[in-house]
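Structural features, examined
So the chains spell out like this:
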Amino acid sequence: MVEQEFVELLVVGSIPTLGTTLWDNFFMDLNTSKINNKPTSFLQELDLEHHLHPFTDHKELKSKKPRVIVRGDGVFIYDNDGNRYLDAMSGLWCVNIGYGRKELALVAKKQMEELPYYNTFFQTSHPPVIELSTKIASLAPKDMNTIFFSSSGSEANETNIRLVRHYWASIGKPSKKIIISRRNAYHGSSMGAASLGGMSSMHSQGGLPIPNIEHINQPYWYGEGKNQAPEDFGKQRALELEEKINELGSENVAAFIGEPVQGAGGVIIPPDTYWPEIQRICDEHNILLISDEVICGFGRLGFWFGSESFKIKPDIMTIAKGLSSGYQPIGGSIISNKIAETLEQEGGEFNHGYTYSAHPVAAAVALENIRILDEEKIVEKVQNTTSKYLEEKWLLLNDHPLIGEARIKGMMGALELTPEKSKRSPFPLPEGEAGMITREICIKNGLIMRAVGDKMIISPPLIIEKNEIDELIDLIWKSLEESKNHLEKLGIAFN
Ligand code: PXG
């Protein structure tokens, strides 16, 4: 129907630049290397008719219409109407080196011309994956030197479920199957990964979790710590792991999985007492520790891996997102020597793999991304300069009357919205409404921030400069002011 209207527009000639046929215009013009964009309303209509979006209420989308993003440069993205947004979310926590790095496009082109695809099954390999795995091994802790590749974080966590069970079975402990995770964790969206995750809204669809996944409480002090000191609360939440292991029997528990800082759950930064206690418990009970580094890896916390910043010693690390800065879909599991050597010694196939495991183009792009992060010392710059500057500015947001807590670690920050600072009270509105109001105002002001319930979160590109951090903070303050005014008009009193 929409296509028909478009063709009619062409016939009457009201949009002469659009070319002769509908489909020609969807593709890149190889002469100018420009993507041919259509009028926004036209694209929106086709999108609504043919595209089912992830994590989207389509009834709502129909009235609001999708934003059509066409271009990115540094920390900014641009929509089809030329509006500029400071992307404080790095896409979906992934564009660590920022938008528009031509080197990655060139590497992709070269690799596509040379070897666009080959698999790594059946005793074959190719240079991009050999170089990439060697490079990742050189960055990972010294006892982690082997990588199994996937195309996403969800797939990598599916691999982890199978891998840890296979590992224990290989050494004569097949009953060690259960994986313990946390409520409000996010580990992906496929059946196994979403089961590992602790999102009740996801579990309520499709009969999740799968068997042999257990959840304990999260170390979310602001929301759940009540009057406890953060250190005591952190330790208490870690001890829930020990209680759970004792309840299940360590002979039945394969692994514990956690994000160093929970991302999608709302940038939950655990108290300092949390991870050391988790580490002790895993070590003492002979439980594998999986650090899900999909967000925290590749510089986000000022280290190559988030576990370094908490001194966690994982057996497996899940990686994706920042591995390629989102320029290509690629993920993986970094595996300890202990696990890799056991699998090698025991022999037999690990009956698992994806067509696109170690895709050569994705691997080449990831390698180039890491080269840039490394050579431009972006991770060190985050640790020594940018994250410190951002933290200093971020904490000033605590002075805003709408903010109950501004917390930050590396380049991940959260703002807890509240009408009553001293009591950390929720709003007398449905949960998430204040967050959604604030998010819409941010977008109107040219700022992409995510709302998780009534928390506002950021995870900006790691290449953000000080003047851009100033712009970010100014935009946030302005948006908080407007949001407070809006909420006051809805009858909310602030104190
Ligand atoms: N682990 C973690 C810690 C993640 O954050 C995944 C695994 C899954 O990765 P893939 O590549 O399969 O998406 C993620 C992904 C959000 C949001 O709303 C977060 C993610 C994905 C989509 C939305 O914050 N994280």
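Residues numbered from 1 in each chain as written. Predicted model: local features only at pLDDT ≥ 70, side-chain atom pairs only at ≥ 80, totals over all residues. Heavy atoms only, no water.

Quick notes on the overall build of the protein chain
Along the backbone of the protein chain there are 18 helices and 17 strands. Its C-alpha atoms put the protein chain at 75 × 65 × 45 Å along the principal axes. The buried share of the protein chain, taken over its 495 residues, is 54%. When the accessible surface of the protein chain is totalled, it reaches about 22700 Å², and 53% of it is carbon and sulfur. Counting 50 positive and 66 negative side-chain charges, the protein chain places the averaged centre of each group 3 Å from the other. (Helix = DSSP H or I, 4+ residues; strand = E, 2+ residues; numbered from the N terminus. Buried < 20%, exposed > 50% of the residue type's maximum accessible area, 1.4 Å probe, protein only. Areas by Shrake-Rupley, 256 points an atom, 1.4 Å probe, with all protein chains shown as cover. Lys, Arg positive; Asp, Glu negative; His and termini not counted. Charge placed at Lys NZ, Arg CZ, Asp CG, Glu CD.)

Some details on the pattern of salt bridges
Under the counting rule described, the total for this entry stands at 25 salt bridges. Across the salt bridge formed by Glu103 and Arg101, the nearest N and O atoms sit 2.7 Å from each other. Since its relative accessible area comes to 26%, Glu103 is described here as partly exposed. For Arg101, a relative accessible area of 18% puts it in the buried group. Note that Arg101 is salt-bridged to Glu376, the shortest N-O span being 2.7 Å. Of this pair, Arg101 sits in the loop between helix 4 (90-93) and helix 5 (102-114) while Glu376 is found in the loop between helix 15 (360-375) and helix 16 (378-396), placing the two residues 275 residues apart along the sequence. Looking at Glu376, the relative accessible area reads 40%, which means it is partly exposed. Sharing partners across several salt bridges, the network here consists of Glu60, Lys64, Arg439 and Glu440. (Salt bridge = Lys/Arg side-chain N within 4 Å of Asp/Glu carboxyl O.)

A few points about the nonpolar core
Within the largest apolar cluster, 71 residues are counted, with the highest numbers of intra-cluster contacts made by Leu132, Trp394 and Leu415. Top element by residues in this core is helix 15. It accounts for nine residues. Counting residues domain by domain, this core receives three or more from each of domain 1 (103-375) and domain 2 (378-489). Aside from chain neighbours lying at most four places away, what touches Leu132 is Phe149, Leu323, Ile330, Ala363, Ala366, Leu367 and Ile370. If you look at the next biggest cluster of nonpolar residues, it comprises 36 residues, including Leu241, Leu248, Phe256 and Ala414. (Core = buried A, V, L, I, M, F, W, Y, C linked by side-chain atoms within 4.5 Å. Domains from an automatic or database assignment. Contact = heavy atoms within 4.5 Å.)

A word on the layout of surface pockets
Approximately 950 Å³ is the volume attributed to the second largest pocket. Forming the boundary of the second largest pocket are 26 residues, of which Thr120, Phe121, Phe148, Phe350 and His352 lie nearest the centre. Those elements giving two or more residues to the lining of the second largest pocket turn out to be strand 6 (144-150), helix 7 (153-170) and helix 14 (337-346). Here the element with the most residues in the lining of the second largest pocket is strand 6; it accounts for four residues. Among the residues forming the lining of the second largest pocket, the class breakdown is 13 nonpolar, 11 polar and two charged. (1 Å grid on protein atoms, 1.4 Å probe; cavity = no way out; pocket = protein on both sides within 12 Å on 5 of 7 lines; lining within 4 Å. Points joined across faces, edges and corners; volume = space filled by probe spheres on them. Nonpolar A, V, L, I, M, F, W, Y, C, P; charged D, E, K, R; others polar.)

Structural notes on the site of the ligand
The ligand sits among 16 residues. The nearest are Trp93, Gly153, Ser154, Asp292 and Arg450. Contact distances for the ligand include 3.2 Å between a nitrogen atom and a side-chain N or O atom of Lys321. In isolation the ligand has 540 Å² of accessible area, and contact with the protein removes 85% of it. Elements with a minimum of two residues in the shell around the ligand: helix 4 and helix 7. Counting residues per element, the shell around the ligand draws most heavily on helix 7, at three residues. Considered class by class, the residues forming the shell around the ligand number six nonpolar, six polar and four charged. (Near = heavy atom within 4 Å. Polar contact = N/O pair within 3.5 Å; in protein donor to acceptor, adjacent residues only side chain to side chain.)

Digging into the domain arrangement of the protein chain
Accessible area lost during the coming together of the parts is what is often quoted as the interface size. Its domain assignment divides the protein chain into domain 1 (103-375) and domain 2 (378-489). The straight-line distance from the C-alpha centre of domain 1 to that of domain 2 is 28 Å. With 26 residues of domain 1 at the interface, the matching set in domain 2 holds 24 residues. Buried area between domain 1 and domain 2, summed over both chains or domains, comes out near 2200 Å², and the portion from carbon and sulfur atoms is 61%. (Buried area = accessible area lost by both parts, 1.4 Å probe.)

Structural notes on the side chain of Arg407
Assignment of secondary structure puts Arg407 in strand 13 (residues 403-409). On the basis of relative accessible area, Arg407 is assigned to the buried category, the value being 9%. A distance of 2.6 Å separates the side chain of Arg407 from the side chain of Glu405, its partner in a polar contact. Excluding residues that lie within four positions of it along the chain, Arg407 makes contacts with Tyr220, Tyr222, Gly266, Val267, Ile268, Ile269, Trp394, Met412, Gly413, Ala414, Glu416 and Lys455.

Examining the sheet that holds strand 3 (residues 69-73)
Each strand in a sheet pairs with its neighbour through backbone hydrogen bonds, running either in the same direction (parallel) or in the opposite one (antiparallel). Taken in spatial order, the four strands line up as 3-4-5-15 in an open sheet, and their pairing is mixed. On the outer flanks of this sheet lie strand 3 and strand 15 (447-448), each paired with one strand and no other. Across four bridges, the pairing between strand 3 and strand 4 (residues 76-79) is antiparallel. Looking across to strand 4, one finds that Arg71 is bridged to Tyr78. Lying on the sheet, helix 18 (residues 466-489) is in contact with strand 4, strand 5 (84-87) and strand 15; it crosses strand 5 at an angle near 105°. (Pairing = 2+ DSSP bridges. Axes fitted to C-alpha atoms, helices over the stretch in contact; angles between N-to-C directions.)

Section: the packing of helix 11 (residues 230-248) against helix 12 (residues 274-285)
For the pair helix 11 and helix 12, the least separation of the axes is 7 Å and the interaxial angle reads 20°. By the angle between their directions, the pair helix 11 and helix 12 is classed as roughly parallel. Once helix 11 is placed against helix 12, the crossing between them reads as right-handed. Judged by residue contacts, Gly234, Lys235, Arg237, Ala238, Leu239, Leu241, Glu242, Ile245 and Asn246 of helix 11 engage Tyr274, Glu277, Ile278, Arg280, Ile281, Cys282, Glu284 and His285 from helix 12. (Parallel < 35°, antiparallel > 145°, perpendicular 65-115°, else oblique. Left-handed = near helix turned anticlockwise from the far one by under 90°.)

Here's the deal with the sheet that holds strand 10 (residues 288-292)
Across the sheet, seven strands lie side by side as 6-12-11-10-9-7-8; this open sheet has mixed pairing. Each having just a single partner strand, strand 6 and strand 8 (213-216) make up the two edges of the open sheet. Across the sheet, the mean angle separating the axes of adjacent strands is 25° when strand polarity is ignored. Pairing of strand 6 with strand 12 (residues 331-336) involves six bridges; the strand directions are antiparallel. Pairing of Met144 across the sheet is with Ser336, part of strand 12. Against the sheet, helix 6 (residues 127-139) contacts strand 6, strand 11 (316-319) and strand 12, and its axis sits at roughly 135° relative to strand 6. Across the face of the sheet, helix 14 comes into contact with strand 6, strand 10, strand 11 and strand 12 while running at roughly 85° to strand 12.

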